[in-house]
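Structural overview for review
Now for the letters of each chain:
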Amino acid sequence: EPEVTQTPSHQVTQMGQEVILRCVPISNHLYFYWYRQILGQKVEFLVSFYNNEISEKSEIFDDQFSVERPDGSNFTLKIRSTKLEDSAMYFCARGNNRGANPLYGYTFGSGTRLTVV
Amino acid sequence: DQQVKQNSPSLSVQEGRISILNCDYTNSMFDYFLWYKKYPAEGPTFLISISSIKDKNEDGRFTVFLNKSAKHLSLHIVPSQPGDSAVYFCAASMGVGTASKLTFGTGTRLQVTL
């Protein structure tokens, strides 16, 4: 299956600024996810998105975060007012041809490295 | 909240030998277990998975073993190749559909030497 493409690959932003991370997971999937990995730590779940709605979010995904699928193909993660601790690799992922059955794995993008200064 | 743990941060194995990566979990509600491989500057790549109703799944050089009573799983790579050098993440899920988020371990860096 086609890969998941994320843009930009690296984003540097000043604390307090808004950032939008983009993902193109192709249009005929229903399940999408955002994960992040702070340097040296494990990959952490942020939010899952099913049928154009948030289905689950973690404690990390507070009011500063939002997700959208604005045009049926792109999938975006917005951080309204970035903090230093938001610096991390952000990965977009999509489900598989069997919806969101973990047995068949999810496809991750190559990530966006967000650096908040 | 360390529901999935990989206690070995690194492992070095000679080319051709067996690599064994271990993972422990605490939540008995996990139904599916996956292994992902990650190279620097890339996203995690799905390797192999196992359902909680099985104790072994094999795919080429990769075999995953699940011991539910011990809440332990392992990934065996035989024979190990230099291209296998990467960080390996164990992940677990409680179900399918909207319950399908993955909980990852901290990863084990595998170095396959010549």
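Structure: see above.
Overview of the structure. Values in this document were obtained by computation on a predicted structure and should not be read as measured data.

1. Focus: the overall build of chain A
- Looking only at helices and strands, chain A features 0 helices and 11 strands.
- Listed N to C, the secondary structure of chain A is β-β-β-β-β-β-β-β-β-β-β in terms of helices and strands.
- By the compact-globule yardstick of 13 Å for 117 residues, chain A fits well, its C-alpha radius of gyration being 13 Å.
- Taken over the C-alpha atoms alone, chain A extends approximately 40 × 30 × 25 Å along its principal axes.
- Within the span of chain A, comprising 117 residues, buried residues form 47% of the whole.
- Counting only contacts in chain A whose residues sit at least 6 apart along the sequence, the fraction spanning at least 24 positions is 56%.
- Carbon and sulfur atoms provide 44% of the accessible area of chain A, an area that totals close to 5600 Å².
- Taken together, the 11 basic and 13 acidic charged side chains of chain A have centroids lying 3 Å from each other.

2. Considering the nonpolar core
- Ranked by internal contacts, the top residues of the largest apolar core, which has 23 residues, are Phe33(B), Trp35(B), Leu73(B), Leu75(B) and Tyr88(B).
- Those elements that provide at least two residues to this core are strand E3 (19-25), strand E4 (32-38), strand E5 (45-51), strand E7 (62-67), strand E8 (72-77), strand E9 (86-93) and strand E11 (108-113) of chain B.
- At 4 residues, the largest contribution of residues to this core is made by E9(B).
- Not counting residues up to four positions away in its chain, the partners in contact with Tyr88(B) are Gln6(B), Leu21(B), Trp35(B), Tyr36(B), Lys37(B), Leu47(B), Leu75(B), Ile77(B), Gly107(B), Thr108(B) and Leu110(B).
- Ranked by size, the runner-up nonpolar core spans 21 residues in total, among them Val4(A), Ala88(A), Tyr90(A) and Leu114(A).

3. What about a nonpolar patch on the surface?
- There is a patch of nonpolar side chains on the surface, built from Ile18(B), Ile20(B) and Val78(B) and spanning about 220 Å² of accessible area.
- Checked against the element boundaries, Ile20(B) lands in strand E3.

4. Some details on the state of the cysteines
- Overall, the coordinates contain 2 disulfides over all chains when judged by the stated rule.
- Each disulfide pairs two cysteine sulfurs, and for Cys23(A) the partner residue is Cys92(A), the sulfurs being separated by 1.9 Å. Of note, the bridge from Cys23(A) to Cys92(A) carries an S-S torsion of about -65 degrees and is left-handed in sense. Here the residue Cys23(A) occupies a position in strand E3 (residues 19-24), and Cys92(A) occupies one in strand E9 (residues 88-94), the gap between them amounting to 69 residues.
- Cys23(B) shares a disulfide with Cys90(B); S-S distance 2.0 Å. As the torsion about the S-S bond is roughly -70 degrees, the Cys23(B)-Cys90(B) disulfide counts as left-handed. Of this pair, Cys23(B) sits in strand E3 while Cys90(B) sits in strand E9, placing them 67 residues apart in sequence. No difference in accessibility class separates Cys23(B) from Cys90(B), as the two residues are buried.

5. What about the packing of aromatic side chains?
- Applying the stated criterion across every chain, the model contains 18 aromatic pairs over all chains.
- Each ring, one from Tyr33(A) and one from Tyr106(A), has its centre 4.9 Å from the other, and the planes form 20 degrees; the classification is stacked. Of the two residues, Tyr33(A) sits in strand E4 (residues 31-37) while Tyr106(A) sits in the loop between E9 and strand E10 (107-108), which places them 73 residues apart along the sequence.
- Here Tyr106(A) falls in the buried class, since its relative accessible area comes to 1%.
- Relative to Phe104(B), the ring of Tyr36(B) lies with its centre 5.9 Å away and its plane at 55 degrees, an arrangement referred to as tilted. With Tyr36(B) in strand E4 and Phe104(B) in strand E10 (residues 103-104), the pair connects residues that are 68 residues apart, well separated along the chain.

Each value, and the rule that gives it
Residues numbered from 1 in each chain as written. Chains lettered and ligands numbered in written order. Predicted model: local features only at pLDDT ≥ 70, side-chain atom pairs only at ≥ 80, totals over all residues. Heavy atoms only, no water. Helix = DSSP H or I, 4+ residues; strand = E, 2+ residues; numbered from the N terminus. Rg over C-alpha atoms; globule rule 2.2 N^0.38 Å. Buried < 20%, exposed > 50% of the residue type's maximum accessible area, 1.4 Å probe, protein only. Contact = heavy atoms within 4.5 Å. Areas by Shrake-Rupley, 256 points an atom, 1.4 Å probe, with all protein chains shown as cover. Lys, Arg positive; Asp, Glu negative; His and termini not counted. Charge placed at Lys NZ, Arg CZ, Asp CG, Glu CD. Core = buried A, V, L, I, M, F, W, Y, C linked by side-chain atoms within 4.5 Å. Patch = residues over 30% accessible without salt bridge, like charges linked within 9 Å, V, L, I, M, F, W, Y side chains within 5 Å. Salt bridge = Lys/Arg side-chain N within 4 Å of Asp/Glu carboxyl O. Disulfide = S-S within 2.5 Å. Phe/Tyr/Trp six-rings, centres within 6.5 Å; stacked < 30°, edge-to-face > 60°.

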